[in-house]
Amino acid sequence: MSAKKEKPVLDCPFRETLDVLEGKWKFAIIHSLLQHGTLRFKNLERDVAGITARMLIKELKLLEAHGIVTRRPYPTVPPTVEYSLTECGQSLEPVIDAIQAWGIQNRAVLAARR
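Residues numbered from 1 in each chain as written. Predicted model: local features only at pLDDT ≥ 70, side-chain atom pairs only at ≥ 80, totals over all residues. Heavy atoms only, no water.

Peer 1: Report on the sheet that holds strand β3 (residues 80-85), specifying residues and quantitative values.
Peer 2: Across the sheet, which stays open at both edges, the 3 strands sit in the order β1-β3-β2 with antiparallel pairing between neighbours. Looking along the sheet, the strands with just one partner apiece sit at the ends: β1 (39-40) and β2 (69-74). When β2 meets β3, the two strands line up antiparallel, connected through 6 bridges. Residue pairing in the sheet places Tyr-74 in a bridge with Thr-80 of β3. Along the sheet, helix α2 (residues 26-36) makes contact with β1, β2 and β3, crossing β3 at roughly 90°. (Pairing = 2+ DSSP bridges. Helix = DSSP H or I, 4+ residues; strand = E, 2+ residues; numbered from the N terminus. Contact = heavy atoms within 4.5 Å. Axes fitted to C-alpha atoms, helices over the stretch in contact; angles between N-to-C directions.)

Okay, here's the thing in structure tokens:
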């Protein structure tokens, strides 16, 4: 028996968007950069509560590859790197705001189910 291969969903903007933003941390990273603007790596790590440095690096690389985040390294010792949102990343602000508003609106319901 051969494993059944899934067909890629073509021309589905919703699925394409989910593929870019999937995971536990991407929305938190984008939210942090929307709130604070450009952040150094350590400041971003502190602001995204619960994320490990390794996971933050991984997620930032993926966001950078998709054109959501830009990375700016400086030739210093120790290395300094700053991250900020691209224009495409900044266009996610209404989405992030809507998610936050939904969370506030439904906070009691969500807390009761934990």
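Peer 1: Quick one: what's the story with the state of the cysteines, residue by residue and with numbers?
Peer 2: Under the definition given, this model contains 0 disulfides. Cys-88 supplies the cysteine sulfur nearest to Cys-12, a cysteine that is in no disulfide, at a spacing of 17 Å. Classification of Cys-12 as partly exposed rests on a relative accessible area of 23%. (Disulfide = S-S within 2.5 Å. Buried < 20%, exposed > 50% of the residue type's maximum accessible area, 1.4 Å probe, protein only.)

Peer 1: Got a sec to walk through the pairing of β3? Specific residues and values, please.
Peer 2: Summarising burial for β3: 5 of the 6 residues are buried, a large majority. Between β2 and β3, which pair antiparallel one after the other, the connecting turn spans 5 residues.

Peer 1: Now, about the environment of His-36: what can you tell me, with residues and values included?
Peer 2: Among the structural elements, His-36 can be located in helix α2. A relative accessible area of 45% means that His-36 is categorised as partly exposed. Here the alpha-carbon distance between His-36 and Ser-84, two residues 48 residues apart in the chain, equals 9.1 Å. Looking at His-36, its side chain comes within polar contact range of the side chain of Asp-47, at 3.3 Å. (Polar contact = N/O pair within 3.5 Å; in protein donor to acceptor, adjacent residues only side chain to side chain.)

Peer 1: With reference to specific residues and values, describe the side chain of Glu-59.
Peer 2: Within the secondary structure, Glu-59 sits in helix α4 (residues 53-65). Of note is the side chain of Glu-59, whose polar atom sits 2.9 Å from the side chain of Lys-26. Leaving out residues up to four positions away in the same chain, Glu-59 has contacts with Trp-25, Lys-26 and Ile-29.

Without other data, these values stay purely geometric and don't point to any function.
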